[in-house]
Amino acid sequence: MNNLEGTISVPLMKRIEDISSDKLMILVGFGAFLALLPAWLNYDIISRDGAFQYIPAARIFLEGNFHEGFLRRELPLFPLIMACIAKITGLDLELSGRIASYLAYVLVAIGIFRLSEVVFKNRFIALLAVLFLMTNRQFVDRSIDCLKESWLICCIVWGNYF
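Residues numbered from 1 in each chain as written. Predicted model: local features only at pLDDT ≥ 70, side-chain atom pairs only at ≥ 80, totals over all residues. Heavy atoms only, no water.

A. Fine view of the overall build of the protein chain. Helices and strands together make up the secondary structure of the protein chain, namely ten helices and zero strands. Mapped in sequence order, the helices and strands of the protein chain form the string α-α-α-α-α-α-α-α-α-α. With respect to the three principal axes, the spread of C-alpha positions in the protein chain is 60 × 35 × 25 Å. Counting only residues that meet the buried cut, the protein chain has 41% of its 162 residues in that class. For the protein chain, the share of sequence-separated contacts (at least 6 apart) that also reach a separation of at least 24 residues comes to 70%. In the structure as shown, the protein chain presents an accessible area of about 9400 Å², 64% of it carried by carbon and sulfur atoms. (Helix = DSSP H or I, 4+ residues; strand = E, 2+ residues; numbered from the N terminus. Buried < 20%, exposed > 50% of the residue type's maximum accessible area, 1.4 Å probe, protein only. Contact = heavy atoms within 4.5 Å. Areas by Shrake-Rupley, 256 points an atom, 1.4 Å probe, with all protein chains shown as cover.)

B. Layout of the packing of aromatic side chains. According to the stated counting rule, one finds nine aromatic pairs in the structure shown. Pairing F61 with F66 gives two aromatic rings, centres 5.7 Å apart and planes at 50°, and the pair type is tilted. Since its relative accessible area comes to 4%, F61 is described here as buried. The class for F66 is partly exposed, based on a relative accessible area of 41%. For the ring pair F61 and F70, a centre distance of 5.2 Å and an interplane angle of 70° mean the geometry is edge-to-face. By relative accessible area, F70 is classed as partly exposed at 45%. Taken together, the ring pairs in this structure connect F33, W40 and Y102 into an aromatic cluster. (Phe/Tyr/Trp six-rings, centres within 6.5 Å; stacked < 30°, edge-to-face > 60°.)

C. View of the pattern of salt bridges. Tallied over the full model, the rule gives five salt bridges. Measuring nitrogen to oxygen at the nearest pair gives 3.4 Å for the salt bridge that ties R137 to D141. Note that R137 and D141 are positioned in helix α9 (residues 137-143) at a spacing of four residues, about one turn of the helix. Accessibility expressed as a relative area gives 27% for D141, which makes it partly exposed. A single network of salt bridges, built from pairs that share partners, joins D22, R114, E117 and R123. (Salt bridge = Lys/Arg side-chain N within 4 Å of Asp/Glu carboxyl O.)

D. Local environment of the side chain of R123. You can see R123 is positioned in helix α8 (residues 123-134). Among the residues examined, R123 registers a relative accessible area of 15% and is labelled buried. Side-chain polar atoms of R123 contact the side chain of E117, separated by 2.8 Å. In contact with R123, other than residues within four places in its own chain, are I16, E17, I19, S20, S21, L24, F113 and E117. (Polar contact = N/O pair within 3.5 Å; in protein donor to acceptor, adjacent residues only side chain to side chain.)

E. Representation of helix α7 (residues 93-120) within the structure. For α7, built from 28 residues, the straight-helix expectation of 40 Å at 1.5 Å per residue is met to within 8% by its first-to-last C-alpha distance of 40 Å. At the exit of α7 stands K121, carrying a positive phi of roughly 55°. (Expected span 1.5 Å × (residues − 1).)

F. A look at the confidence of the model for the protein chain. When pLDDT is averaged across the protein chain, the result is 88; 94% of the residues are at 70 or more. Summarising per-element confidence for the protein chain, the mean pLDDT is lowest in helix α1 (residues 3-7) (53) and highest in helix α10 (residues 149-161) (95). (pLDDT = per-residue confidence, 0-100.)

The structure is reproduced here in structure tokens:
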């Protein structure tokens, strides 16, 4: 019996361990999606970085001028993702950037779950790590705006996982 089993109800831990990892991963992704929904619905105004850095850079990619887009001083990953989403969906660049950040938030939650599951070999701890991530107000605020921070954290988490 490990220390954690002494403080947490054993039937709860057994139930969590009985659920397949893939089902828990889907549940974590859906939970992350729902965690951002209230902040998304109460969104106010785009940040300065989004309006003056990422949207102009994404517009350059959307116009097909990749050489100029890669020569800009911003990192090109986020504007390129924004341009791809805008091209596929037909949405404007601000909304495409917000969707990209939202998607990255969900991917980060799934990545934290997977990484914590591998490191700690305990699904309860992995779910607790996801809960701590989802309650970080600063990360939530950055993930509903047209900002690249969610994608940077996504790359770091999944890079460590792989």
